[in-house]
Amino acid sequence: MATNLASGGNATQRNIPAPLIDDARRHVYEAALRTPLVRLNYDGPSDIYLKLECLQPIGSFKIRGAYNAVRLLPEEERRRGVWTVSAGNAAQGVALAARKAGVPCKILMINEAPAAKFDAVRRLGGEVVKASYDQCWQALADRAHPAMSGVFIHPFEDDGFIAGNASVGLEILEDLPDVDCVVAAYGGGGLSCGIAAALKARGHKAKVFAAEPETAAPLARSFAAGSPQSFPGWTASFVDGCGGKSVFPRMWELAHHLLAGSIVCTLEEIRRAMRLVAERNRVISEGAGACAVAAGLSGKCGPGKIVCVVSGGNIDLAKFAELVTRSDTTP
């Protein structure tokens, strides 16, 4: 299912300032890599390219936004330490940014997150506090939690974090100037909206689509309704890096006019995309990264050159092996 918004209605239009994006780009490589853009070795109706953010030092694009957000804090605030809420990727990004800044870091992590993500956060020096998905999602809305202290780094909503993510879009434009479409997983919206903001800042007309799993697709509901919505049938799955319970109002102010719509993928489509990327390009993608590839392969992005952002590769290897070796005929 692909859903887009017929009319912007009366929703406020928020934008990420172009100078903030340019400033982030000047500093982001102090922590992040400029990742490669490669062809998916697959013959289909469109030319599919993979933006390999899974190759970042933390295995996810989140280092871009996290580093930029921590960098922008006034020194007196940064010395208090930082904390965030995460399923694991933003946790690693903030933990690495905090380590580079020499300040303490605490993470409120979803207790169903893969063991690989917990291990990585602790390895980077982050102090982990586990909580349920509902408690973590509420902490994101409240920007507070009784177990947390220091300065809160929102993992997707704030301008500085999104501006860091926008550097992904600038790199795509440099490597593939005639790109027709970019698709990226939507969890909170910081990646897809950041990329779209970068393209808008450069005056580029490529469409940017969000990708969501069928089990957690509040953005598709929001586009259909013309206002930020919750997803009443939310279900946890191996696609833990995207698909939230709701669309935050401040993110809707970006998404409704920057994004071309949301492409909803089945878990089976995502699993097959994960296997295809592993077979053809020898790349490990977690569920969220494969969700973008599944959306790109769906035919719903239109013709031409499509970039799918493989947003991360942080998945337990045993789970990855189970998913990519399962037969297509297995129930």
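Calculation criteria
- Residues numbered from 1 in each chain as written.
- Predicted model: local features only at pLDDT ≥ 70, side-chain atom pairs only at ≥ 80, totals over all residues.
- Heavy atoms only, no water.
- Helix = DSSP H or I, 4+ residues; strand = E, 2+ residues; numbered from the N terminus.
- Rg over C-alpha atoms; globule rule 2.2 N^0.38 Å.
- Buried < 20%, exposed > 50% of the residue type's maximum accessible area, 1.4 Å probe, protein only.
- Contact = heavy atoms within 4.5 Å.
- Pairing = 2+ DSSP bridges.
- Right-handed = clockwise from strand over helix to strand, strands pointing away.
- Phe/Tyr/Trp six-rings, centres within 6.5 Å; stacked < 30°, edge-to-face > 60°.
- Lys NZ or Arg CZ within 6 Å of the ring centre and 35° of its normal.
- Axes fitted to C-alpha atoms, helices over the stretch in contact; angles between N-to-C directions.
- Disulfide = S-S within 2.5 Å.
- Salt bridge = Lys/Arg side-chain N within 4 Å of Asp/Glu carboxyl O.
- Parallel < 35°, antiparallel > 145°, perpendicular 65-115°, else oblique.
- Left-handed = near helix turned anticlockwise from the far one by under 90°.
- Nonpolar A, V, L, I, M, F, W, Y, C, P; charged D, E, K, R; others polar.
- Polar contact = N/O pair within 3.5 Å; in protein donor to acceptor, adjacent residues only side chain to side chain.

> In this structure, what is going on with the overall build of the protein chain? I would like to understand it.
Along the backbone of the protein chain there are 13 helices and 11 strands. Here the C-alpha atoms of the protein chain give a radius of gyration of 18 Å, agreeing with the 20 Å that 2.2 N^0.38 yields for 331 residues. With respect to the principal axes defined by its C-alpha atoms, the protein chain has extents near 55 × 45 × 35 Å. Going through the 331 residues of the protein chain one by one, you find that 59% of them count as buried. In the protein chain, the proportion of contacts linking residues at least 24 apart, taken out of those at least 6 apart, comes to 74%.

> Any chance you could explain unusual backbone geometry here in plain terms?
Only a minority of non-glycine residues have a phi that is not negative, and only a minority of peptide bonds are not trans. With phi around 55°, Arg 143 is a residue other than glycine that occupies positive phi space. Position of Arg 143 relative to the elements: it lies in the loop between helix 6 (133-142) and strand 7 (151-152). Positive phi, close to 55°, is recorded for Arg 282, a residue that is not glycine. Relative to the helices and strands, Arg 282 resides in the loop between helix 11 (267-281) and helix 12 (287-297). The exposed category is assigned to Arg 282, whose relative accessible area is 70%.

> Is there a simple way to think about the pairing of strand 5 (residues 105-110) in this case?
Across a regular strand the side chains alternate sides, sitting on one face of the sheet and then on the other. Within strand 5, six of the six residues are buried, which leaves it mostly tucked inside the rest of the structure. Judged by which residues are buried, strand 5 turns out to be covered on both faces: Cys 105, Ile 107 and Met 109 on one side and Lys 106, Leu 108 and Ile 110 on the other are all buried. Bridge analysis of strand 5 against strand 6 (residues 127-131) gives five bridges, and the strand direction is parallel. What sits directly across from Leu 108, in strand 6, is Val 129. Chirality of the crossover, the property in question, places the unit of strand 5, helix 5 (residues 115-123) and strand 6 among those that are right-handed.

> Could you clarify how one ought to interpret the packing of aromatic side chains in this entry?
The description of an aromatic ring pair rests on the distance of the ring centres and on the angle between the ring planes. Under the criterion given, the structure shown has seven aromatic pairs. Measuring from centroid to centroid gives 5.3 Å for Phe 156 and Phe 248, while their planes differ by 70°, and the two rings are edge-to-face. Taken as a pair, Phe 156 in the loop between strand 7 and helix 7 (159-175) and Phe 248 in the loop between helix 9 (218-225) and helix 10 (249-258) lie far apart in primary sequence, 92 residues in all. Like Phe 156, the residue Phe 248 is buried in the burial classification. Its end group placed over the ring of Tyr 49, Arg 39 keeps NZ or CZ at 5.6 Å from the ring centre. When the ring centre of Phe 118 is taken as origin, the NZ or CZ atom of Lys 130, which lies over that ring, is 4.5 Å away.

> Sorry if this is basic, but what is going on with the sheet that holds strand 7 here?
Through backbone hydrogen bonds, the strands of a sheet pair up, either in parallel or in antiparallel fashion. Pairing within the open sheet is parallel, and its four strands lie in the order 6-5-4-7. One side of each edge strand has no neighbouring strand; the edge strands of this open sheet are strand 6 and strand 7. On top of the sheet, helix 6 reaches strand 4 (82-86), strand 5, strand 6 and strand 7; it is set at about 130° to strand 5, its chief contact.

> Which parts of the structure should I look at to understand the state of the cysteines?
Here a disulfide denotes one covalent bond, and it connects the sulfur atoms of two cysteines. In total, this model carries zero disulfides according to the counting rule given. The closest cysteine sulfur to the non-disulfide-bonded Cys 54 is located on Cys 308, 13 Å from its own sulfur. In this structure Cys 301 is not part of a disulfide, and its nearest cysteine sulfur, from Cys 181, lies 4.0 Å away. For Cys 301, a relative accessible area of 7% puts it in the buried group.

> So what exactly am I meant to see when it comes to the pattern of salt bridges here?
A pair can form between side chains of opposite charge whenever their charged atoms are brought close. Counted according to the given criterion, the structure contains 26 salt bridges. A salt bridge links Arg 78 to Glu 75; the nearest nitrogen and oxygen atoms lie 2.6 Å apart. With Arg 78 and Glu 75 both in helix 3 (residues 75-78) and three residues apart, this pair spans about one turn of that helix. In this structure Arg 78 comes out as buried when scored by relative accessible area, which is 14%. Given a relative accessible area of 40%, Glu 75 falls into the partly exposed group. With a shortest N-O distance of 2.9 Å, Glu 268 and Arg 272 are connected by a salt bridge. On the criterion of helical spacing, the pair formed by Glu 268 and Arg 272 is a turn pair, its members being four residues apart in helix 11. Given the relative accessible area of 41%, Arg 272 is considered partly exposed.

> Honestly, the packing of helix 9 against helix 10 in this entry has me stumped. Any pointers?
Two measures define how a pair of helices packs: the angle their axes make with one another and the distance between the axes. One can describe the packing of helix 9 onto helix 10 by two numbers: an axis separation of 11 Å at closest approach and a directional angle of 70°. Between helix 9 and helix 10, the angle is such that the two are roughly perpendicular. Handedness of the helix 9/helix 10 crossing: right-handed. For the pair helix 9 and helix 10, contact is made by Leu 219, Ser 222 and Phe 223 and by Trp 252, Ala 255 and His 256, respectively. Residues of the contact of helix 9 with helix 10, tallied by class, amount to four nonpolar, two polar and no charged.

> I'm lost on the side chain of Ser 262 in this one. Help?
Note that Ser 262 resides in strand 10 (residues 261-265). Taking the relative accessible area as the measure of exposure, Ser 262 reaches 0% and is therefore buried. Here Glu 212 takes part through its side chain, which lies 2.6 Å from a polar atom of the side chain of Ser 262.

On their own, these measurements won't tell you what the molecule is for.
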